[in-house]
Structure formats: structure tokens, C-alpha cells
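For reference, the chains in residue letters:
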Amino acid sequence: MTATDFSTTGLEQLRQAARDQGVGERVTTVVRDVREPLPLPDASLGAVFAHMLLCMALSTHEIHAVVDEVRRVLRPGGTFVYTVRHTGDVHYGAGTAHGEDIYEHGGFAVHFFDRDLVDALAAGWTVNEVHAFEEGELPPPRLWRVTQTLPR
């Protein structure tokens, strides 16, 4: 498994968790800015998982570009699973508005997803599931886990 993140701290936490679980040798980490192309050949991966990545302070255009890059590196039949905070979240609309459903609350900017954005990102994919769940401290962030697959 290869994990990428902009945060060296986050990657070290992942490496430590992998070591703690006895799978440290199976995890490679790379510092990357998601707005840059992945250094991978076309159709080279079977799956991509992005937890809360797309709901960072990225513009809608940048989010589409990231999903297009994921599409590029996935093989036909490959699966993309991502989680994002959605517009039903308690913090949606709170704090400083930055446009495009991006709100800064407590010094952290989040791009909240409505269903129209999820559907737009799924164009050309098969949507397997859009699952609502909560995670974290009270009030817990409300998220969607979206699972979509490239056609074969």
C-alpha cells in the first residue's frame, strides 16, 4: 500500500500505526500535494481510498481534477472510495464563508458536499453506495462514504 499526504506528521502517524499492527513493511508513504499529478502510470491501480481528502479547502474545479486523476490511475473495474463531510453537517454554514460551500470553523476550512457534487463527480462511474455516517467528537462530523467503480 502506498499512502500520500501533504502532512509529514499524518504520514508518520500512519507509519507508526502500521508498525503497531505488524504491517509496517507493507506501507510506503509519500509526501504529495493532491493538486499535483500522481507519479503513476495510467490504469495502474485497483483501488484508491481518500478519507476526508476531497473536503479540504479545495475548489470544486480542483476536486474534479483530483477525481479525474484517480480515474486516470485506476484500472477498468477499479474502485474509488472516498469520505467527505456533507451539507447536513452541524458546521455547514457556520464560521467564515469562502464560497463554493467552503466554511472555515475553528481555523480549519472544509468544503462541504451536497448530493449534486457527489453525482457530478460520479459521472462516468458506477455508484455502488453513498453511505451516511458520523465520526469523531461531539458534535460528530456528518460524512458520506462514497464507493464508485470504473466501468470495465
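Our subject is the structure that appears above.
Residues numbered from 1 in each chain as written. Predicted model: local features only at pLDDT ≥ 70, side-chain atom pairs only at ≥ 80, totals over all residues. Heavy atoms only, no water.

Engineer: Mind showing me how you'd approach helix 2 (residues 60-73) here?
Structural biologist: An α-helix turns once every 3.6 residues. As a result, residues three or four positions apart point the same way. Look at helix 2: 20 Å from first C-alpha to last across 14 residues, which is about the 20 Å you get at 1.5 Å a residue. Of the residues making up helix 2, those classed as buried are Ile63, Val66, Val67, Glu69, Val70 and Val73. Relative to the axis of helix 2, the buried residues are bounded by an arc of 155 degrees and lie together on one face. Looking at the buried positions of helix 2, the neighbouring elements they touch are strand 3 (45-51), strand 4 (74-85), strand 7 (108-111), helix 3 (115-121) and strand 9 (142-149). (Helix = DSSP H or I, 4+ residues; strand = E, 2+ residues; numbered from the N terminus. Expected span 1.5 Å × (residues − 1). Buried < 20%, exposed > 50% of the residue type's maximum accessible area, 1.4 Å probe, protein only. Arc of directions from axis to C-beta. Contact = heavy atoms within 4.5 Å.)

Engineer: Looking at this structure, how should I read the sheet that holds strand 3?
Structural biologist: Across a sheet, paired strands are connected by hydrogen bonds in the backbone, their directions being either parallel or antiparallel. Spatially, the four strands line up as an open sheet ordered 3-4-9-8, and their pairing is mixed. Only two strands of the sheet have a single partner each, and these edge strands are strand 3 and strand 8 (126-134). Adjacent strand axes in the sheet meet at a mean angle of 10 degrees, parallel and antiparallel pairs treated alike. The pairing of strand 4 with strand 9 spans seven bridges and is classified as antiparallel. Looking across to strand 9, one finds that Phe80 is bridged to Gln148. Sheet strands touched by helix 2: strand 3, strand 4 and strand 9. Its angle to strand 4, the strand with the most contacts, is close to 150 degrees. (Pairing = 2+ DSSP bridges. Axes fitted to C-alpha atoms, helices over the stretch in contact; angles between N-to-C directions.)

Engineer: I tried to follow the side chain of Arg85 on my own but got confused; where do I start?
Structural biologist: By the element assignment, Arg85 lies in strand 4. Within the structure, the side chain of Arg85 is placed 3.0 Å from the side chain of Asp89, a separation counted as a polar contact. Apart from the residues lying within four places of it in its own chain, the contact partners of Arg85 are Met52, Cys55, His91, Val110, His111, Phe112, Phe113, Pro141, Arg142 and Leu143. (Polar contact = N/O pair within 3.5 Å; in protein donor to acceptor, adjacent residues only side chain to side chain.)

Engineer: Can you help me understand the nonpolar core in this one?
Structural biologist: General note: in soluble globular proteins, nonpolar side chains tend to be found buried as a group. Ranked by size, the top nonpolar core spans 25 residues in total, and within it Leu54, Phe80, Tyr82 and Phe113 carry the most contacts. Among the secondary structure elements, those contributing two or more residues to this core are strand 3, helix 2, strand 4, helix 3 and strand 9. Leaving out residues up to four positions away in the same chain, Leu54 has contacts with Ile63, Val66, Val67, Phe80, Tyr82, Val84, His111 and Phe113. (Core = buried A, V, L, I, M, F, W, Y, C linked by side-chain atoms within 4.5 Å.)

Engineer: What should I look at first to understand the environment of Asp42 in this one?
Structural biologist: For Asp42, the position within the fold is in the loop between strand 2 (28-31) and strand 3. Separated by 27 residues in sequence, Asp42 and Glu69 have C-alpha atoms that sit 9.2 Å apart. Of note is the side chain of Asp42, whose polar atom sits 2.6 Å from the side chain of Arg72.

Treat this as a map of the structure, not an account of what it does.
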